[in-house]
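# Coordinate analysis (summary)
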Amino acid sequence: MAIQSKVEAAAEELLRERGVETAPVPVEDIARSLGTKLVFENFDADLSGILYRGKGAVIIGVNSTHSAKRQRFTIAHELGHLRLHEKQVMFVDKAVRVDRRDITASAGVDELEIEANGFGAALLMPKKMLISEIESLTDPPNPLGAESLIEELAERFEVSHQAMKYRLANLGIAMLSE
């Protein structure tokens, strides 16, 4: 299964399990419903989040200095690692893996990071919800233009403008992402 299909299906399954049908997706509630403890800490600027899994505990650490929208994406991203990479052993000190947003992650060459980013986007901006919102906002046609429409969608889904733009482009909704 292609990476895109795999992450879309996994995100849709989690939303279905949790009964989420409208935006914005309550990502913190979803994390907690999975037994995950959320911890907000003042990390270095380049560290968005940490996933710790061990000894019966799952903790997502989130950089408290980042914007609320960035924090939402970080939680969704870490949930992607949790759901997609279940057999991956994660370590800190001798027991949790820390994934930093480094040059490799930014370059889009680390498969685990690509999957977690795709999952995060699919969880926060589900395709069906996006299409429904686009249809409601463009009927009658939106006189404000593509950028204003993207901004409205970003606000409704509580994500950044850039995240929405990437999501629309990745879904092939190019007319809106130009």
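Everything below is about the structure shown above.
Residues numbered from 1 in each chain as written. Predicted model: local features only at pLDDT ≥ 70, side-chain atom pairs only at ≥ 80, totals over all residues. Heavy atoms only, no water.

## What to know about the sheet that holds strand β1 (residues 36-41)
Within the open sheet, the three strands sit side by side as β1-β3-β2. Their pairing is mixed. Among the strands making up the open sheet, the edge pair consists of β1 and β2 (49-54). Between one strand axis and the next, the sheet turns by 20 degrees as a mean value, whatever way the strands run. (Pairing = 2+ DSSP bridges. Helix = DSSP H or I, 4+ residues; strand = E, 2+ residues; numbered from the N terminus. Axes fitted to C-alpha atoms, helices over the stretch in contact; angles between N-to-C directions.)

## Description of helix α5 (residues 111-124)
When the terminal C-alpha atoms of α5 are compared, their 20 Å separation across 14 residues agrees well with the 20 Å that a helix rising 1.5 Å per residue should span. Counting buried positions over the 14 residues of α5 gives 10, a clear majority of the element. Among the residues of α5, Glu113, Glu115, Ala116, Gly118, Phe119, Gly120, Ala121, Ala122, Leu123 and Leu124 are the ones counted as buried. (Expected span 1.5 Å × (residues − 1). Buried < 20%, exposed > 50% of the residue type's maximum accessible area, 1.4 Å probe, protein only.)

## Focus: the layout of surface pockets
Over the atoms rolls a probe the size of a water molecule, and its path tells where empty space is left. Of the voids in this model, the second largest pocket is the one considered here, and its volume is about 250 Å³. Those elements that place two or more of their residues in the lining of the second largest pocket are α1 (3-17) and α6 (127-137). (1 Å grid on protein atoms, 1.4 Å probe; cavity = no way out; pocket = protein on both sides within 12 Å on 5 of 7 lines; lining within 4 Å. Points joined across faces, edges and corners; volume = space filled by probe spheres on them.)

## Comments concerning the side chain of glutamate 8
When you line up the elements, glutamate 8 lands in helix α1. A relative accessible area of 10% places glutamate 8 in the buried class. Setting aside residues no more than four positions away along its own chain, glutamate 8 makes contact with Ala122, Lys127, Arg167 and Leu171. (Contact = heavy atoms within 4.5 Å.)

## Observations regarding the pairing of strand β3 (residues 57-63)
For β3, a buried count of five out of seven residues is recorded, marking the element as mostly surrounded by other parts of the structure. Across six bridges, the pairing between β1 and β3 is parallel. By the bridge assignment for β3, leucine 38 is matched with isoleucine 60. Sheet analysis places β2 next to β3, joined by six bridges and oriented antiparallel. Counted as the bridge partner of leucine 51 is isoleucine 60 from β3. A loop of two residues connects β2 with β3, the two strands running antiparallel in sequence, and lysine 55 in this loop sits at a positive phi of about 50 degrees.

## Here we look at unusual backbone geometry
Working note: non-glycine residues mostly have negative phi, and peptide bonds are mostly trans. Proline 24 follows alanine 23 through a cis peptide bond whose omega is 0 degrees. Looking at the element boundaries, proline 24 is found in the loop between α1 and α2 (27-33). Phi is positive for lysine 55, close to 50 degrees, though the residue is something other than glycine. With respect to the secondary-structure elements, lysine 55 resides in the loop between β2 and β3. Residue lysine 55 is classed as exposed on the basis of its relative accessible area, which comes to 85%. The backbone of glutamate 158 sits at a positive phi, close to 55 degrees, despite the residue not being glycine. Tracing the sequence through the fold places glutamate 158 in the loop between α7 (146-157) and α8 (161-170).

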